[in-house]
Amino acid sequence: AEDGYDLWLRFAPLDGVAAAKLKSQTPVVAPISEGDRSSTLDVAVEELERGLTSLRGEGDPPPAQNPVQIILDCGTEPGTGQSGFSLTPQLEAERPTFRIAAQDHIGCLYGSYALLRELAAGRGLGEISLIDAPAMPLRLLNHWDNPDGHVERGYAGRSIFDWWNLPGRLDQRMIDYARANASIGINGAVVNNVNARAFMLEPRYIAKLKRLADAWRPYGIRIYVSARFSAPRDIGGLDTADPLDPAVRQWWQAKTDEIYASIPDFGGFLVKANSEGQPGPQDYGRSHADGANMMAEAVGDRGTVIWRAFVYSAEDDTDRAKQAYDEFKPLDGQFADNVIVQVKNGPIDFQPREPFHPMFGAMPKTRLMLELQITKEYLGFASHLAFLGPMWEEVLTADTGGEKSVADVIVPVGMAGVANTGSDRNWSGSVFDQANWYAFGRLAWNPSMSSDAIAREWTAQTFTRKPAALEPIVRMMLESREAVVQYMTPLGLAHLMGTGHHYGPAPWVCDLARPEWNPCYYHRADRDGIGFDRTPSGSNAISQYDPAIAAQWSDPAAIDPKLLLWFHRVDWDHRMASGRTLWHELVAEYDRGVAKVDGFAATWSALESEIDPERFRAISERLAIQQTEARWWRDASIAYWQSVNGLPLPEGTAKPP
Ligand code: GCW
């Protein structure tokens, strides 16, 4: 059944010329000598055989007279460095070969997946000649999975990790999960929520973690754990977790050694400290650097401590968008070598659109890693179609000043994506959300890939290679994130979702205890105008950016209108570049968003003959939900703004039904 379980690894049979060619070439994987074998190479061979058989289609092919030998050459140096590979066809030779070369076994596995990906996109063996290597060392998924099976901000069922039955039973899903990740180059997973339970570090859990680590090792995936900072108190029997206390340091040292004794390639710890109620070093008057460095000392050169920069405090009434920078910038240069500071793409929290996080341009002496959210907490969950490639491309290519893009800053370190996996048959809730997992992996591998190229690859592997169907699908994917921005939070608005669930519109909410939990904190609309003044006349968050960027953004006429209300508070009759007033432009944006979604539904319904009935229907139903809810967002938002500004709808605006 086409239930989506196979993700982008379907390897649907080729047709036409491509099929005939592959059948006549009958590529076979050349045997690997006993001495060169490894569990990773066994996986590579198995994947190649499975993929090729599937791509060739039903039935045994007639034996080719001179079959193409696929040679895995994994001990040589093709000049690509660690985990890289080269693919070289030599089909004209007397004995035709296709060579996958790498300096290490994982490089050969990545090369094998790359070959299959190219074939699955419809290219012939002879056309597949490439050299490639991952751009950044760490390409990690962060699971916000709780040990009780609930996934925080998960919209695809329960957790895929079966802690109850581990270590005794290993679910086949854990292997398929590793295959999917390895196929796009993901090389690590933090398996539990950053809002962590300390008991994940107890011996009974270490045994479970070990079983997973052993299962994933052949696929090049290292396991990481979110550690609760107060663990020495919670499970260690100490009465403090003060990072400068010798007993605390000793406890972490012993705990870390215990983990490495079971899992020699354990990746390390991810820590959310002094953020949203989590314990941390500040509970003892110590800094984030004190806390991170203490744990880093315990880990040593065996792994990494990844410290999250997502902090904002209940006691601090400065603009929430400023707080992480304010706290971390003074610590630049104080973190140990094996500490990484992990920064969300924007300064607030995974909104449909935010400017890039100012820390990326401000911490030259700190190893920074980018955190993206694959699960769509603020973009309509798995119900709304939103391909996030364009959003991530936007942040990666953003200029941080000094001629460095965000990608340039993080390439020496890595990228983390908050996973959207769950127990649903199709893993991600909606098949289109699989594309976000895929895009994350591809961008972590190569942050200069275009979202267009990624959408094409994914669509060819997931749905169809036929241009007449592939082109419209890709087009709608590429428009989909902007559509969500337009019907939810246009022109730089943000955080107007209902508090708690973050799903529907609630710009009117203003009575919650913590000011920055209220949508009204973000839009600041009243009779006269709307928007958050972050220029020097307001919170001055803009000063956290490079002076040249800040200067451009400070001018409401020069800033991209997509960020206008993020940085500026303007009158309702403020003139936009379009010639419209802000109010009329805002209404037009909502309408454009709704119109785009109507377009997606029309595009999709025209594809009925090209898509299997199961996935066709599942996606049709979700698009219908999105059509209804885009209108909900538009109409509720406009009605609320009108209740504040008393302005009529622009001439010609259709009345809500
Ligand atoms: O996006 C917000 C979420 C919280 C999350 C937090 C964080 C894991 O609403 O659910 O907690 O950010 O990133 O720590």
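- The name recorded for the protein in an unreviewed UniProt entry is Alpha-glucuronidase, from Allopontixanthobacter sediminis.

### Looking at the environment of R211
Move 1: Examined against the element boundaries, R211 turns out to sit in helix α5 (residues 203-216).
Move 2: Taking the C-alpha atoms as reference, R211 lies 36 Å from I619; in sequence the two are 408 residues apart.
Move 3: Beyond its immediate chain neighbours, meaning those up to four positions away, R211 contacts L166, P167 and L170.

### With respect to the site of the ligand
Move 1: The immediate surroundings of the ligand are formed by W144, E152, R153, V194, N195, K272, E276, F310, D349, F350 and E377.
Move 2: The class makeup of the residues in the shell around the ligand is four nonpolar, one polar and six charged.

### A closer look at the packing of helix α12 (residues 431-445) against helix α13 (residues 451-462)
Move 1: The contact between α12 and α13 brings their axes to 10 Å, and the two run at 130 degrees. Regarding the angle of α12 to α13, the classification is oblique. Every pair of crossing elements has a handedness; the one defined by α12 and α13 is right-handed. Contact residues: α12 offers V431, Q434, A435, Y438, A439 and R442, while α13 offers S451, I454, A455, W458 and T462.
Move 2: Tallied by class, the residues present in the contact of α12 with α13 amount to seven nonpolar, three polar and one charged.

### A look at the sheet that holds strand β7 (residues 188-190)
Think of a sheet as strands paired side by side through backbone hydrogen bonds, with each pair either parallel or antiparallel.
Move 1: Spatially, β6-β7-β8-β9-β10-β11-β12-β13 is the arrangement adopted by the eight strands of the closed barrel, whose pairing is parallel. The sheet shows a mean angle of 25 degrees between the axes of neighbouring strands, taken without regard to direction.

### Observations concerning the domain arrangement of the protein
Move 1: According to the domain assignment, the protein contains domain 1 (16-132), domain 2 (138-451) and domain 3 (487-532 + 569-645).
Move 2: Domain 1 puts seven residues into the contact, and the matching count from domain 2 is six residues.
Move 3: Contributing elements (two or more residues each) for the side of domain 1 that touches domain 2: α2 (39-56) and α3 (105-120).
Move 4: The element best represented in the side of domain 1 that touches domain 2 is α3, accounting for four residues.

### Some points on helix α9 (residues 320-328)
Move 1: Where α9 is concerned, the buried positions are R320, A321, K322, A324, Y325 and F328.
Move 2: Elements that come into contact with the buried residues of α9 comprise α8 (288-299) and β11 (339-344).

### With respect to the sheet that holds strand β5 (residues 130-132)
Move 1: On the basis of which strands lie adjacent, the open sheet formed by five strands has the order β1-β2-β4-β3-β5 and mixed pairing. Unpaired on one side and paired on the other, β1 (28-29) and β5 mark the two borders of the sheet.
Move 2: As judged from the five bridges shared by strand β3 (residues 85-90) and strand β4 (residues 97-101), these two strands associate in the antiparallel manner. Within β4, the position partnered with P89 by the bridge is F98.
Move 3: Relative to β3, α3 is tilted by about 55 degrees, and along the sheet it contacts β2 (69-73), β3, β4 and β5.

### Brief notes about the UniProt feature "domain: Glycosyl hydrolase family 67 C-terminal" (unreviewed entry) in the protein
Move 1: Taking the numbering used here, the UniProt-annotated feature "domain: Glycosyl hydrolase family 67 C-terminal" (unreviewed entry) corresponds to residues 429-652.
Move 2: The annotated region residues 429-652 carries 55% helix and 2% strand content, and the separation between its end C-alpha atoms amounts to 38 Å.

### Regarding unusual backbone geometry
Move 1: Residue P167 is reached from L166 by a cis peptide bond, and omega for that bond is 0 degrees.
Move 2: Within the secondary structure, P167 sits in the loop between β6 (138-142) and α4 (172-183).
Move 3: The phi dihedral of T26 falls on the positive side, at around 35 degrees, and the residue is not glycine.
Move 4: Structurally, T26 is set in the loop between α1 (16-25) and β1.
Move 5: For T26, a count of 17 C-beta atoms within 10 Å puts it in the partly exposed group.
Move 6: The phi torsion at N540 lies on the positive side, around 65 degrees, for a residue other than glycine.
Move 7: Assignment of secondary structure puts N540 in the loop between β14 (529-530) and α16 (547-554).

### Section: the confidence of the model for the protein
When pLDDT is low, close inspection of the predicted coordinates is not appropriate.
Move 1: Across the protein, the average pLDDT comes to 96, with 99% of residues at 70 or higher.
Move 2: For this predicted complex, the interface confidence reaches an ipTM of 0.99, while the overall pTM sits at 0.98.

### Comments concerning α13
Move 1: Given a rise of 1.5 Å per residue, 12 residues ought to cover 16 Å, and the 16 Å separating the end C-alpha atoms of α13 matches this to within 8%.
Move 2: Here α13 lies mainly inside the structure; nine of its 12 residues are buried.
Move 3: The inward-facing, buried residues of α13 contact α3, α10 (389-396), α12 and α14 (467-488).

### Examining the packing of helix α18 (residues 582-605) against helix α19 (residues 613-645)
Packed helices, taken two at a time, are described by the angle their axes make and the gap between the axes.
Move 1: Where α18 contacts α19, the two axes come as close as 9 Å, and the packing angle between them is 170 degrees. One finds that α18 runs roughly antiparallel with respect to α19. Across the interface between the two elements, W583, V587, Y590, G593, V594, V597, D598, F600, A601, W604 and S605 of α18 pack against I619, S620, L623, A624, Q626, Q627, A630, R631, R634, S637, I638 and N645 of α19.
Move 2: Residue composition of the contact of α18 with α19, by class: 13 nonpolar, seven polar and three charged.

Calculation criteria
Residues numbered from 1 in each chain as written. Predicted model: local features only at pLDDT ≥ 70, side-chain atom pairs only at ≥ 80, totals over all residues. Helix = DSSP H or I, 4+ residues; strand = E, 2+ residues; numbered from the N terminus. Contact = placed C-beta atoms within 7 Å. Near = placed C-beta within 6 Å. Nonpolar A, V, L, I, M, F, W, Y, C, P; charged D, E, K, R; others polar. Axes fitted to C-alpha atoms, helices over the stretch in contact; angles between N-to-C directions. Parallel < 35°, antiparallel > 145°, perpendicular 65-115°, else oblique. Left-handed = near helix turned anticlockwise from the far one by under 90°. Pairing = 2+ DSSP bridges. Domains from an automatic or database assignment. Buried ≥ 20, exposed ≤ 12 C-beta atoms within 10 Å, placed from the backbone. UniProt positions renumbered as here; feature names shortened; annotations may be inferred. pLDDT = per-residue confidence, 0-100. Expected span 1.5 Å × (residues − 1).

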